[in-house]
Structure formats: structure tokens, C-alpha cells
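Chain by chain, the residues run as shown.
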Amino acid sequence: MDAVSLKNIHKTYDKGNVIAVDDVSFDVKKGELFGLIGPDGAGKTSIFRILTTVLLADKGSASVAGFDVVKEYRAIRNRVGYMPGKFSLYQDLTIKENLEFFATVFDTSIEENYDLIKNIYDQISPFNDRRAGKLSGGMKQKLALCCALIHKPEVLLLDEPTTGVDAVSRKEFWDMLKDLKQQGITILVSTPYMDEANLCERIALIQNGKILSVETPENIVKAFPVTLYAAKSDNNYKLLTDFRNFDAVASAYASGEYMRIIVKDEHPDSITLLKDYAEKFGNRNVEIKIIAPTIEDNFIWLSQKEANH
Amino acid sequence: MEEKVIICNDLTKQFGDFYAVNKISFDVYKGEVFGFLGANGAGKTTAMRILCGLSYPTSGKASVAGFDVYKQQESIKKNIGYMSQKFSLYENLTVSENIEFFGGIYGVERSEISMRRTDLIERLGLEKEVNKMVGELPLGWKQKLAFSVAIFHQPRIVFLDEPTGGVDPVTRRQFWDMIYEAAAGGITVFVTTHYMDEAEYCNRISIMVDGRIEALDTPENLKKNYSASSMDEVFYQLARGAKRSDN
């Protein structure tokens, strides 16, 4: 049995004028760490709200922990832990009060499932009496995760838990998720950060309400259909502009230290060809090499393919 | 000798006995894309507010576009542009009205505004959206428009505070194209970001930890010096020892 299953889910807003979720289907296996990766407005939050039974889909069916999101919503609510994208704990309650509140609501106690939250809670418990509104971003995030775990959920639904959080806190957060996975909890997590996709076992790439691909991060990268070249010079902007005017180049885009180039026709001497062209136009210290595509390169490739469809 | 557009010497901002910014020194050159990184709470926002002429330092020296941060705040404001993910444009003004409003605020002549507006609308391909409310545009378009508006008055420097948060990768790359174009045209770009891969787009990067600048170099040299394969690793090595975080 899959821990989470969506079948042809549709969701529109504004009397059908805005399509938020467009025929989305995917399954998350029991115990899996699954990522929903896409930019703002892709439909991630609508999917989370449908799965947590706080929003009804227009069409399609979905289940969580084996229960139907419409008919058996009560059973689901006791079995999922949900961390919404917006910080939703009580700002005027302290760390301890928030935790006790959520424990009581689920008819349990902090002690009962202490093992599950111990590693995370230990990091914030020195500030037990501080109000949630006064915590740093990283601490709020840890408290929210503790509250989502307090009733020992089977499935954890985390909507953009790392957005706006700095790189160090983000890394710590992903380490915590790996620990929770070890304890058998299924995790569905969304993020706009493409680099976080590699930390999931499987990912669904989503844009404009449509799923572009569901795969392991390795396979998504492997599926990249063409050779990707990386290039740099003393003046990357000039080099980029020159390559865009080159007939043999299909696309060229900036990407950090090295820009990315895709050529129209694969050729064994493509590197020399590109280099000669660049030097002819006065670019200095030109370096060109073949580079492995990233999840982001794939996302761009897939979304452009979808757009040309 | 390259022209310096930002000069900072021992710049410090103290709140009581808390040093939000603690003796930072660095220069930024004309046409440079300068990445200003740091963990949450490291002091980036405080430093940036001083450089934008919005807050006085406690001690140290700094000049922006040749103007002193203590005595010439108003001149600084006229010579810089600013854009952030949170505040950019007025959602309930149209595309055209936003351009007019911000152009006017920055003292661009009326006739000049309408000329540059036509040109800008054409370059962004927003001809059909010109009378739409900005709130109705997709996020990516909003961000591209906001950047164009921030440099509409042709400032010497543009400050970008996490400009690309949440936008899709295609738009993010188009956005960086616009940044490179502005820099090639002589505008200095001062940018903060949480995307470490994005830091690699910058010519040079500074990394702040607990109010101090702990590292400043090209992405290539930083990776070399910290034996790291990515900026993410460099950042982690430097910032994991941080004592402070945000509020």
C-alpha cells in the first residue's frame, strides 16, 4: 500500500479561471522521503491542502495512509503531521506551551512519543519558556517540526519547510528528515530549491500545476537527452552574447561560474568548434568542457519541452 | 585602476552592547556583481541599510557612489536603486503607473519617463500587459519588471535583497541575464541570496558571520582556499560556527 496516492487530481480557483493543479497523479511509497519540487505558484500548496483534507479537489481521488481524503478525512487527520509553509504555531504561547497544546489536541503527551522528537527538541528545550513569536527562523522551524511529530504520525507533510532559511539551517533540517525516515515515517516535502532535490529518494518536478517528471534524482539527471557544455572566459557576459549569435548553438544560458551551452548538432569536435568561435570574437581565456547536468538543467529542459508541446 | 563605487572601512553598527555589524571593510568596483552573503542574523540587512542611506553607522567610514554615509544620505538615495523579494512594486497600480511613479520619485523628467517606458515595455515584451495591475502578473514577470524599475533612473549601484526567491529556474536565469546586462552597462550590482549556486554568478563574494566579514574573494578562489567543491560547502564551513541567528 502506498502512503500517499494521488490520481488525476484537478483543482481550480476563481470559478475555474485559475488552474492550480492540473491532472496530477503520483504515489509515495511507505517509508519514502519524497520531494515535490517546483517554483512558487506551481501548485505545491494546493496539493498539500488536498492531502491534509482541508481543501477539496474538483476532480480525481487521493488517499493518505490508505484512507480516502474525502470519505475518511477524520482518520487521515489523526495520522498525518502537517507543517504548513507559513509559520502557524501560536506566537503568544511558549515553546513548551505550544508543544503541550498540540499533544493535548491529539490526546497524547510530550512524554509518550518523546523518542521521536528528542533529537530536535533537545536543541530548542533550553528556550522552553520563550514565546514562539520571539524565536529565530531556524528555531521556529524546529518547533513546528516537533509539533507536527508529537502524535507520532505515519505520514509527515512538509510544505516548503526550508524557504527563506539560510544554508546552514537548511542542511540541519534535511539531516533531521533523514533521521525521521530511519524511524519509518513517510515524508512528503516540497521545496523551490532545486539543489535540495538530491536529498530525496524520489522527486516529482512540478510547474504550472503539471507534473513534469517523477523519478529518482539520479534518473532525472540521466534522462537529460543531450550533451551539456560549460563555458567561461574573462568576460562571461560577452561570451554568452556571442554564443547566442552562433548558428551552431541551440541555447546558451548563464549558470554561475560556467555558463551552459547546448549545440544544435552533436559533433565530436564541438568543444574545439565552440572555442575557436569564441576566440575569433576576441574572448580571452576561454575554457569549455562537458559537464554533468543538474536537476535544475533538467527542470529547464522539461519545462521548455512542455511549453513547446 | 578600477573605480571604487563602495568603500567601507571598519564600518560598525552597535545596538547597546550588541555589534550587529562589527568593523567590516571592503570595496566594490564599478560594474562588478558583488555577492553579499551570510547566515540569517549575520548583519547583512543592517549593513545594507547603512549603505542605502537608511541608517547611520556607530563608527567607521563608508562611502557609496562617492557620497558619505553620515553626511550625504540623500545623495546616496538618489544614486542607488533597490529591489527586494518582499518590497518591489505596487500591486494595485498598473505596469505603466508603477514605472511612472518610481521614475517620478527618482526625479526622472516626465518626457524622459515616457520615452524610457516605451523602450522598457518593448524590451520586456509587456505590450499587452501595460495597463494590467502588477498584482495580476506572474511572479517571474513581476520580479523582472521590479528589477527594470529599480534601474530605471540609471543609478550607479543597484542593491538586490534576495531578488529571486521562489521564482522558477527559467525566470531565474533570465533574471541573471538582466543583471549581467546592467553590469556590462556600468551599473554595479550588490546582491544578497540564499541560493549558494547563485552566488557563483557573482564576480566576488563576501561572507558575513556574526557581524564580521569572514571571507571575501572570487567564487573560484574561495572554493580553492576552502578545498570545497561548491559554494555551499564554503558557506557551511564558515557559517556553521555562527553564534547568532535572526529574530
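This write-up is about the structure you can find in this document. All of these numbers come straight from a predicted model, not from anything done at the bench. (Residues numbered from 1 in each chain as written. Chains lettered and ligands numbered in written order. Predicted model: local features only at pLDDT ≥ 70, side-chain atom pairs only at ≥ 80, totals over all residues. Heavy atoms only, no water.)

**Regarding the overall build of chain B**
Phase 1 of the analysis: Within chain B one finds nine helices and 10 strands.
Phase 2 of the analysis: What you see for chain B is a C-alpha radius of gyration of 18 Å, in line with the 18 Å of a compact globule of 247 residues.
Phase 3 of the analysis: Summarising its shape, the C-alpha atoms of chain B cover approximately 50 × 40 × 40 Å along the three principal directions.
Phase 4 of the analysis: A burial count over chain B gives 55% of its 247 residues as buried.
Phase 5 of the analysis: Look at the contacts in chain B between residues 6 or more apart in sequence, and 67% of them connect residues 24 or more apart.
Phase 6 of the analysis: A total of about 11,100 Å² of accessible surface is found on chain B, and carbon and sulfur atoms cover 46% of it.
Phase 7 of the analysis: Within chain B, the 33 negative side-chain charges are centred at a point lying 4 Å from the centre of the 29 positive side-chain charges. (Helix = DSSP H or I, 4+ residues; strand = E, 2+ residues; numbered from the N terminus. Rg over C-alpha atoms; globule rule 2.2 N^0.38 Å. Buried < 20%, exposed > 50% of the residue type's maximum accessible area, 1.4 Å probe, protein only. Contact = heavy atoms within 4.5 Å. Areas by Shrake-Rupley, 256 points an atom, 1.4 Å probe, with all protein chains shown as cover. Lys, Arg positive; Asp, Glu negative; His and termini not counted. Charge placed at Lys NZ, Arg CZ, Asp CG, Glu CD.)

**A look at the interface of chain A and chain B**
Phase 1 of the analysis: Taken together, the 32 residues of chain A in the interface contact 31 residues of chain B.
Phase 2 of the analysis: A combined buried area of about 2,700 Å² lies between chain A and chain B, and 55% of that area is made up of carbon and sulfur atoms.
Phase 3 of the analysis: The partner of Arg244 of chain A in a salt bridge is Asp177 of chain B, with the nearest N and O atoms 2.7 Å apart.
Phase 4 of the analysis: The tally of links between chain A and chain B comes to nine residue pairs in polar contact (both at pLDDT 80 or more).
Phase 5 of the analysis: Looking at the side of chain A that touches chain B, the elements with two or more residues in it are helix 6 (167–182), helix 8 (236–244) and helix 10 (295–308) of chain A.
Phase 6 of the analysis: If you tally residues by element for the side of chain A that touches chain B, the top one is helix 10 of chain A, at six residues.
Phase 7 of the analysis: When its residues are assigned to classes, the side of chain A that touches chain B shows 14 nonpolar, eight polar and 10 charged. (Buried area = accessible area lost by both parts, 1.4 Å probe. Salt bridge = Lys/Arg side-chain N within 4 Å of Asp/Glu carboxyl O. Polar contact = N/O pair within 3.5 Å; in protein donor to acceptor, adjacent residues only side chain to side chain. Nonpolar A, V, L, I, M, F, W, Y, C, P; charged D, E, K, R; others polar.)

**A short note on unusual backbone geometry**
Phase 1 of the analysis: In the Ramachandran plot, Asp14 of chain A falls in the positive-phi region, its phi being about 55° despite a non-glycine side chain.
Phase 2 of the analysis: Within the fold, Asp14 of chain A resides in the loop between strand 1 (2–13) and strand 2 (18–29).

Keep in mind these values describe shape, not function.
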